[in-house]
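What follows is the residue order along each chain.
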Amino acid sequence: KGGMAPLYLAHAVRHAGKVAIKVIRPEVAETLGTDRFLAEIKLTASLQHPHILTLLDSGVVPSGRSAGRPFYVMPYLAGETLRARLTRERAIAVRDALGILGEVADALACAHHQNIVHRDIKPENILLNQGHAVVMDFGIAKALHRSMDDSTLTGIGVTIGSHSVRAVEVR
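Now for a description of the structure that goes with this document. Here the structure is a predicted model, which means the values were calculated and not measured.

## Section: helix H2 (residues 35–46)
Compared with an ideal rise of 1.5 Å per residue, which puts 12 residues at 16 Å, H2 spans 17 Å between its outermost C-alpha atoms and is within 8% of the ideal. Among the residues of H2, those classed as buried are Phe-37, Glu-40, Ile-41, Leu-43 and Thr-44.

Structure follows, in C-alpha coordinates:
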(Lines give C-alpha, C1' and ligand atoms only; values in the text may rest on other atoms or scores of the structure.)
Protein backbone atom coordinates (compact mmCIF):
# COMPACT_ATOMS: atom_id res chain seq x y z
CA LYS A 1 0.00 0.00 0.00
CA GLY A 2 1.02 3.58 -0.39
CA GLY A 3 -0.49 6.87 -1.43
CA MET A 4 1.98 7.81 -4.13
CA ALA A 5 3.58 4.46 -4.81
CA PRO A 6 2.57 0.93 -3.78
CA LEU A 7 5.08 -1.75 -2.85
CA TYR A 8 5.30 -5.11 -4.57
CA LEU A 9 6.99 -8.26 -3.32
CA ALA A 10 9.16 -9.81 -6.01
CA HIS A 11 11.79 -12.50 -6.49
CA ALA A 12 15.20 -11.26 -7.65
CA VAL A 13 16.34 -13.92 -10.13
CA ARG A 14 20.01 -12.87 -10.14
CA HIS A 15 20.24 -12.79 -6.36
CA ALA A 16 17.80 -15.61 -5.60
CA GLY A 17 16.04 -13.62 -2.93
CA LYS A 18 12.98 -11.55 -2.18
CA VAL A 19 12.91 -7.81 -2.84
CA ALA A 20 10.36 -5.03 -2.45
CA ILE A 21 9.69 -2.82 -5.47
CA LYS A 22 8.14 0.62 -5.10
CA VAL A 23 6.54 1.94 -8.33
CA ILE A 24 4.86 5.31 -8.69
CA ARG A 25 1.14 5.03 -9.44
CA PRO A 26 0.30 5.89 -13.08
CA GLU A 27 -2.31 8.48 -12.09
CA VAL A 28 0.18 10.19 -9.77
CA ALA A 29 2.86 10.22 -12.46
CA GLU A 30 0.41 11.73 -14.97
CA THR A 31 -1.14 14.38 -12.71
CA LEU A 32 1.66 15.37 -10.34
CA GLY A 33 4.69 14.29 -12.31
CA THR A 34 7.59 12.20 -11.09
CA ASP A 35 9.94 14.83 -9.65
CA ARG A 36 9.12 14.11 -5.99
CA PHE A 37 9.46 10.35 -6.48
CA LEU A 38 12.77 10.78 -8.32
CA ALA A 39 13.98 12.96 -5.42
CA GLU A 40 13.02 10.13 -3.04
CA ILE A 41 15.09 7.69 -5.11
CA LYS A 42 18.08 10.04 -5.06
CA LEU A 43 17.87 10.63 -1.30
CA THR A 44 17.35 6.95 -0.52
CA ALA A 45 20.33 5.98 -2.69
CA SER A 46 22.57 8.39 -0.79
CA LEU A 47 21.80 6.85 2.62
CA GLN A 48 23.88 3.88 3.68
CA HIS A 49 23.32 2.83 7.28
CA PRO A 50 22.43 -0.48 9.00
CA HIS A 51 19.19 1.02 10.36
CA ILE A 52 18.01 2.64 7.11
CA LEU A 53 16.31 0.55 4.42
CA THR A 54 18.70 0.70 1.47
CA LEU A 55 18.09 1.06 -2.23
CA LEU A 56 19.36 -1.80 -4.39
CA ASP A 57 18.40 -0.57 -7.84
CA SER A 58 16.11 1.82 -9.68
CA GLY A 59 14.78 2.37 -13.16
CA VAL A 60 11.73 3.22 -15.23
CA VAL A 61 8.79 0.99 -16.18
CA PRO A 62 8.09 1.70 -19.87
CA SER A 63 4.74 3.30 -20.59
CA GLY A 64 3.14 3.84 -23.97
CA ARG A 65 1.56 7.15 -22.97
CA SER A 66 4.40 8.86 -21.17
CA ALA A 67 8.10 8.80 -20.40
CA GLY A 68 7.47 5.88 -18.07
CA ARG A 69 7.02 5.32 -14.36
CA PRO A 70 10.06 5.33 -12.07
CA PHE A 71 10.59 2.54 -9.56
CA TYR A 72 13.16 1.45 -7.05
CA VAL A 73 14.11 -1.87 -5.49
CA MET A 74 14.82 -2.47 -1.81
CA PRO A 75 15.68 -5.60 0.12
CA TYR A 76 12.64 -7.42 1.44
CA LEU A 77 12.83 -7.59 5.22
CA ALA A 78 10.47 -9.93 7.01
CA GLY A 79 9.14 -8.33 10.12
CA GLU A 80 6.52 -5.90 11.25
CA THR A 81 6.22 -2.18 11.61
CA LEU A 82 6.49 -0.60 15.01
CA ARG A 83 2.81 0.36 14.58
CA ALA A 84 1.85 -3.33 14.12
CA ARG A 85 3.83 -4.30 17.22
CA LEU A 86 2.27 -1.52 19.29
CA THR A 87 -1.18 -2.59 18.12
CA ARG A 88 -0.47 -6.24 18.90
CA GLU A 89 1.27 -5.77 22.27
CA ARG A 90 -0.19 -2.40 23.37
CA ALA A 91 3.02 -1.77 25.37
CA ILE A 92 6.71 -2.40 24.83
CA ALA A 93 9.23 -3.17 27.56
CA VAL A 94 11.43 -0.20 28.44
CA ARG A 95 14.60 -2.06 27.37
CA ASP A 96 13.09 -2.83 23.94
CA ALA A 97 11.76 0.71 23.54
CA LEU A 98 15.17 2.19 24.34
CA GLY A 99 16.84 -0.16 21.85
CA ILE A 100 14.40 0.83 19.10
CA LEU A 101 14.73 4.51 19.94
CA GLY A 102 18.53 4.32 19.91
CA GLU A 103 18.63 2.63 16.50
CA VAL A 104 16.12 5.05 14.99
CA ALA A 105 18.02 8.02 16.43
CA ASP A 106 21.28 6.63 15.02
CA ALA A 107 19.67 6.25 11.57
CA LEU A 108 18.23 9.77 11.66
CA ALA A 109 21.58 11.18 12.82
CA CYS A 110 23.21 9.55 9.77
CA ALA A 111 20.64 11.21 7.51
CA HIS A 112 21.06 14.56 9.29
CA HIS A 113 24.84 14.39 8.82
CA GLN A 114 24.07 14.27 5.10
CA ASN A 115 21.67 17.21 5.46
CA ILE A 116 18.58 15.03 4.97
CA VAL A 117 15.52 15.38 7.22
CA HIS A 118 13.01 12.48 7.13
CA ARG A 119 9.90 14.63 7.88
CA ASP A 120 7.56 11.66 8.37
CA ILE A 121 9.01 9.57 11.17
CA LYS A 122 6.20 7.53 12.72
CA PRO A 123 5.65 3.92 13.86
CA GLU A 124 4.44 2.96 10.35
CA ASN A 125 7.83 3.96 8.91
CA ILE A 126 9.90 1.92 11.37
CA LEU A 127 10.30 -1.73 10.47
CA LEU A 128 11.29 -4.20 13.18
CA ASN A 129 13.41 -6.93 11.62
CA GLN A 130 15.35 -9.62 13.50
CA GLY A 131 15.33 -7.59 16.69
CA HIS A 132 16.45 -4.33 15.08
CA ALA A 133 14.74 -1.14 13.90
CA VAL A 134 15.03 -0.05 10.28
CA VAL A 135 13.84 3.39 9.18
CA MET A 136 12.08 3.43 5.83
CA ASP A 137 10.10 5.68 3.51
CA PHE A 138 12.03 8.87 2.95
CA GLY A 139 9.25 9.87 0.54
CA ILE A 140 8.80 13.37 1.93
CA ALA A 141 12.36 13.79 3.12
CA LYS A 142 14.03 17.04 2.36
CA ALA A 143 17.64 17.69 1.51
CA LEU A 144 18.62 20.87 3.29
CA HIS A 145 21.33 23.24 2.18
CA ARG A 146 23.74 24.47 4.78
CA SER A 147 23.59 28.13 5.71
CA MET A 148 26.24 30.60 4.61
CA ASP A 149 28.39 29.98 7.68
CA ASP A 150 27.99 26.18 7.24
CA SER A 151 27.08 25.72 10.91
CA THR A 152 23.36 24.93 10.92
CA LEU A 153 20.99 22.57 9.15
CA THR A 154 17.69 24.37 9.65
CA GLY A 155 16.38 27.76 10.52
CA ILE A 156 14.08 28.80 13.31
CA GLY A 157 10.38 28.15 12.64
CA VAL A 158 10.88 26.01 9.53
CA THR A 159 7.79 24.07 8.44
CA ILE A 160 8.66 20.39 8.17
CA GLY A 161 6.06 17.94 6.89
CA SER A 162 2.62 18.76 8.17
CA HIS A 163 3.83 20.18 11.48
CA SER A 164 5.43 23.49 12.27
CA VAL A 165 8.51 22.96 14.39
CA ARG A 166 10.80 25.30 16.14
CA ALA A 167 14.36 24.20 15.40
CA VAL A 168 16.97 24.83 18.02
CA GLU A 169 20.62 24.63 17.17
CA VAL A 170 22.68 22.62 19.65
CA ARG A 171 26.44 23.06 19.61
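## Notes on empty space enclosed by the protein
Counted under the stated rule, the structure contains two cavities of 30 Å³ or more. Class assignment for the residues of the lining of the largest cavity results in five nonpolar, one polar and two charged.

## Focus: the sheet that holds strand E4 (residues 69–75)
Backbone hydrogen bonds hold the strands of a sheet together, and the pairing may be parallel or antiparallel. Judged by pairing direction, the sheet is antiparallel, and its four strands sit side by side in the order E1-E2-E4-E3 without closing on themselves. Of all strands in the sheet, those with a lone pairing partner are strand E1 (7–12) and strand E3 (57–61), marking the two edges. Along the sheet, successive strands turn relative to each other by an average axial angle of 30°, direction set aside. Taken together, the five bridges between E3 and E4 define a ladder with antiparallel strand orientation. Bridge assignment links Val-61 to a residue of E4, and that residue is Arg-69.

## Some words on a nonpolar patch on the surface
Together, Val-94, Leu-98 and Leu-101 make up an exposed nonpolar region whose accessible area comes to about 320 Å². With respect to the helices and strands, the residue Val-94 is situated in helix H4 (residues 94–113).

## A look at the side chain of His-49
If you trace the backbone, His-49 turns up in the loop between H2 and E3. Beyond its immediate stretch of four places on either side in the chain, His-49 contacts Asp-106, Ala-107 and Cys-110.

## A word on the pairing of strand E2 (residues 17–23)
Bridge count between E1 and E2: six bridges; the pairing is antiparallel. Bridge assignment links Leu-9 to a residue of E2, and that residue is Ala-20. The turn linking E1 back onto E2 is made up of four residues, and Ala-16 within it adopts a positive phi angle of 50°. Note: E2 against E4, five bridges, orientation antiparallel. Opposite Ala-20, over in E4, you have Met-74 as the bridge partner.

## Describing the environment of Pro-6
With respect to the helices and strands, Pro-6 occurs in the segment before E1. On a C-alpha basis, the gap between Pro-6 and Ile-24 in space is 7.0 Å, while along the polypeptide they are 18 residues apart.

## Some details on the nonpolar core
Among the nonpolar cores identified, the biggest contains 17 residues, and Ile-100, Val-104 and Phe-138 are the most heavily contacted of them. Residue assignment for this core shows that the elements contributing at least two residues are H4, strand E7 (126–129) and strand E8 (132–135). With six residues, the top contributor of residues to this core is H4. For Phe-138, the contacting residues outside a window of four places in its chain are Glu-40, Thr-44, Leu-47, Ile-52, Ala-111, Ile-116 and His-118. Among the nonpolar cores identified, the runner-up in size contains 14 residues, and Ile-24, Leu-53, Tyr-72 and Val-134 belong to it.

Conventions used here
- Residues numbered from 1 in each chain as written.
- Predicted model: local features only at pLDDT ≥ 70, side-chain atom pairs only at ≥ 80, totals over all residues.
- Heavy atoms only, no water.
- Helix = DSSP H or I, 4+ residues; strand = E, 2+ residues; numbered from the N terminus.
- Expected span 1.5 Å × (residues − 1).
- Buried < 20%, exposed > 50% of the residue type's maximum accessible area, 1.4 Å probe, protein only.
- 1 Å grid on protein atoms, 1.4 Å probe; cavity = no way out; pocket = protein on both sides within 12 Å on 5 of 7 lines; lining within 4 Å.
- Points joined across faces, edges and corners; volume = space filled by probe spheres on them.
- Nonpolar A, V, L, I, M, F, W, Y, C, P; charged D, E, K, R; others polar.
- Pairing = 2+ DSSP bridges.
- Axes fitted to C-alpha atoms, helices over the stretch in contact; angles between N-to-C directions.
- Patch = residues over 30% accessible without salt bridge, like charges linked within 9 Å, V, L, I, M, F, W, Y side chains within 5 Å.
- Areas by Shrake-Rupley, 256 points an atom, 1.4 Å probe, with all protein chains shown as cover.
- Salt bridge = Lys/Arg side-chain N within 4 Å of Asp/Glu carboxyl O.
- Contact = heavy atoms within 4.5 Å.
- Core = buried A, V, L, I, M, F, W, Y, C linked by side-chain atoms within 4.5 Å.

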